[in-house]
Amino acid sequence: MKKYTRQRLILDIIQNNDVRTQSQLSELLDQHGVDATQATISRDIKELRISKVQTDDNHYRYTVIDTVYDSMNERLEKIFKASVLSVEENNDLVIVKCIAYTATVCGLFITNAKISNIAGIITGHDTIFISVEENQEIHMVVEQIRALVK
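Parameters at a glance
- Residues numbered from 1 in each chain as written.
- Predicted model: local features only at pLDDT ≥ 70, side-chain atom pairs only at ≥ 80, totals over all residues.
- Heavy atoms only, no water.
- Salt bridge = Lys/Arg side-chain N within 4 Å of Asp/Glu carboxyl O.
- Helix = DSSP H or I, 4+ residues; strand = E, 2+ residues; numbered from the N terminus.
- Buried < 20%, exposed > 50% of the residue type's maximum accessible area, 1.4 Å probe, protein only.
- Arc of directions from axis to C-beta.
- Contact = heavy atoms within 4.5 Å.
- Disulfide = S-S within 2.5 Å.

**So, the pattern of salt bridges**
In the structure shown here, the tally under the stated rule is 8 salt bridges. Taking the shortest distance from any N to any O, the salt bridge between E47 and K3 comes out at 2.9 Å. Of the two residues, E47 is situated in helix α3 (residues 38-47) and K3 in helix α1 (residues 3-16); the sequence distance between them amounts to 44 residues. Looking at K3, the relative accessible area reads 43%, which means it is partly exposed. Here R8 and D12 are joined by a salt bridge, their closest N and O atoms 3.7 Å apart. In this pair, R8 and D12 both sit in helix α1, 4 residues apart, roughly one turn of the helix. Owing to a relative accessible area of 36%, R8 belongs among the partly exposed residues under this scheme. Classification of D12 by relative accessible area gives partly exposed; the value is 33%. Counted as one network, the salt bridges with shared partners bring together D18, R20 and D57.

Okay, here's the thing in structure tokens:
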């Protein structure tokens, strides 16, 4: 099995199971048909930036610390807050005006915010068009996006 595939499987196992030891992880890998040595598992854990955290019952388990994603989201938020000029509704669409060439990044931040009732987002250079699933909820979508700007 290729390293990438094994590491992808390790991430899936750790995210979906309460894995407390490398030997337990090794057993779970075996169940998926992967035979990996303790040294390989240890190296994978280090490369994947998997850490042990304390649980509520005072035990430790492995978890994925995704600092790259967190720092990326923080950057997107800063750009979003500095770039959005207005958030308005126009019939069935929410229209977000942005500083030139920032609409794509701002649209990504809105997508990551997982605001309910958004059917789709189209971005240009300085404008974002947001289609809502239910038109009577358009005011709530506008308010949620405005709250993200604050």
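**Overview of helix α2 (residues 22-31)**
Taken residue by residue, α2 has L25, S26, L28 and L29 as its buried positions. On an axial view of α2, the arc spanned by its buried residues comes to 165°, and they lie on one face. For α2, the exposed residues lying more than 90 degrees away from the buried face are E27 and Q31. The inward-facing, buried residues of α2 contact α1 and α3. Just beyond α2, the residue with positive phi is G33, at close to 80°.

**Topic: the state of the cysteines**
In the structure shown here, the tally under the stated rule is 0 disulfides. The thiol of C98 is not disulfide-bonded; the next cysteine sulfur, from C106, is found 4.0 Å away. Accessibility expressed as a relative area gives 0% for C106, which makes it buried.

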